[in-house]
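Here's the letter readout for the chains.
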Amino acid sequence: MQRLISKNWLRLSLIFVTSFGVSLGAASIVRILVFPPQAVSAEPEPEVAATETAEEPIVAEVPKFISLQESVETWAIELDSTASIGVKIYDLDNNQPAAEYRSSEVLSSVALTELMTDYLKARSSITEGTEQLIEQLGLPNTSSDGAYTNANDAYIFLQFLWEHSELTQASWDELQDNLLGQLISENGEDLRQGFARGITNAKVYTKTSTELLNNASPIYSSIGFFEMVADNRHYALVLLGNLTDEDAENLGAIIERELM
């Protein structure tokens, strides 16, 4: 009897173990079918490219404004009290006048007419004359023959010329070279007179004329631009009146001392 029980118990144990093993194997198979293992990629994760920072354009620093008003007034007062003069010096970098003296006084200026003519040639305006240009710019105190103008009108033309929107870059460069070249001879001799001779450390791009009418005092005019190369300063210049070359040269030297 006892042996029969042992045999039955052993048989039940085998049945239980076999059933458990089958169940466990079936569960594993179902799990694999329902939740297949994810394939592991052998490729490395792509690197995120670093965002490139755009370089900011380099903007030239505007030089500090220097007033020349007191110096110009002191120079003018020391001239002959009967001299009629008109002066305007404009800081083109800071866009404001550096000095003015009797800038509305009407005076003769052949230099302005000559400079306008040079501009029209650079623009290839063969049929257009200075009279049309004066009308275009609205210069009420300027004549087309150079008989009269004032420093304010002349400056308006210089501002228009400085922007040179109607010139190609090549024409503008050639015009500047021509103005600068008037001061140096073909063999390199320094021909600078008046204002340009006084301001020796600058590039001076001007038209200059001296007229002698009826044995009267000379009528001097110098109109254009000058550049203080070391400090990258740019100015428009109008100098008109009963001046000698020496008077204008002294003004150039005074301005140079103020700006250096």
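Right, let's walk through the structure included here. The structure presented is a predicted model; accordingly, all values stated were derived computationally and were not measured.

1. A closer look at the overall build of the protein chain
If you tally the helices and strands in the protein chain, you get eight helices and five strands. Starting at the N terminus and ending at the C terminus, the protein chain contains elements arranged as α-α-β-β-α-α-α-α-α-β-β-β-α. A buried classification covers 40% of the 260 residues belonging to the protein chain. Element-wise, carbon and sulfur atoms account for 54% of the exposed surface of the protein chain, whose accessible area totals about 16400 Å².

2. Examining the packing of helix α2 (residues 69–77) against helix α8 (residues 245–259)
Packing of α2 against α8 brings their axes to within 10 Å, and their N-to-C directions diverge by 155°. Compared by their axis directions, α2 and α8 come out roughly antiparallel. Our pair here, α2 against α8, has a crossing hand that is right-handed. Between α2 and α8, the residues in contact are S71, V72 and W75 and D247, N250, L251, I254 and E258, respectively. Each residue belonging to the contact of α2 with α8 can be placed in one class, and the counts come to four nonpolar, two polar and two charged.

3. What to know about the pairing of strand β1 (residues 85–91)
Successive side chains on a regular strand alternate, one facing one side of the sheet and the next facing the other. β1 sits mainly inside the fold: seven of its seven residues count as buried. Direction of pairing for β1 relative to strand β5 (residues 233–241): antiparallel, over a ladder of seven bridges. Bridge pairing links Y90 to A236 in β5. Pairing between β1 and strand β2 (residues 96–101): five bridges, direction antiparallel. Bridge assignment links K88 to a residue of β2, and that residue is E100. Remark: four residues form the turn of the hairpin made by β1 and β2, two consecutive strands paired antiparallel; N95 in that turn has positive phi of roughly 55°.

4. Remarks on α8
Given 3.6 residues to a turn, an α-helix orients residues that are three or four positions apart in the same direction. Spanning 15 residues, α8 covers 21 Å between terminal C-alpha atoms, matching the ideal 21 Å at 1.5 Å per step. Every buried residue of α8 is listed here: D247, A248, L251, G252, I254, I255, E256 and L259. The elements touched by buried residues of α8 are α2, β1, α7 (195–198), β3 (202–211), β4 (219–228) and β5.

Parameters at a glance
- Residues numbered from 1 in each chain as written.
- Predicted model: local features only at pLDDT ≥ 70, side-chain atom pairs only at ≥ 80, totals over all residues.
- Heavy atoms only, no water.
- Helix = DSSP H or I, 4+ residues; strand = E, 2+ residues; numbered from the N terminus.
- Buried < 20%, exposed > 50% of the residue type's maximum accessible area, 1.4 Å probe, protein only.
- Areas by Shrake-Rupley, 256 points an atom, 1.4 Å probe, with all protein chains shown as cover.
- Axes fitted to C-alpha atoms, helices over the stretch in contact; angles between N-to-C directions.
- Parallel < 35°, antiparallel > 145°, perpendicular 65-115°, else oblique.
- Left-handed = near helix turned anticlockwise from the far one by under 90°.
- Contact = heavy atoms within 4.5 Å.
- Nonpolar A, V, L, I, M, F, W, Y, C, P; charged D, E, K, R; others polar.
- Pairing = 2+ DSSP bridges.
- Expected span 1.5 Å × (residues − 1).

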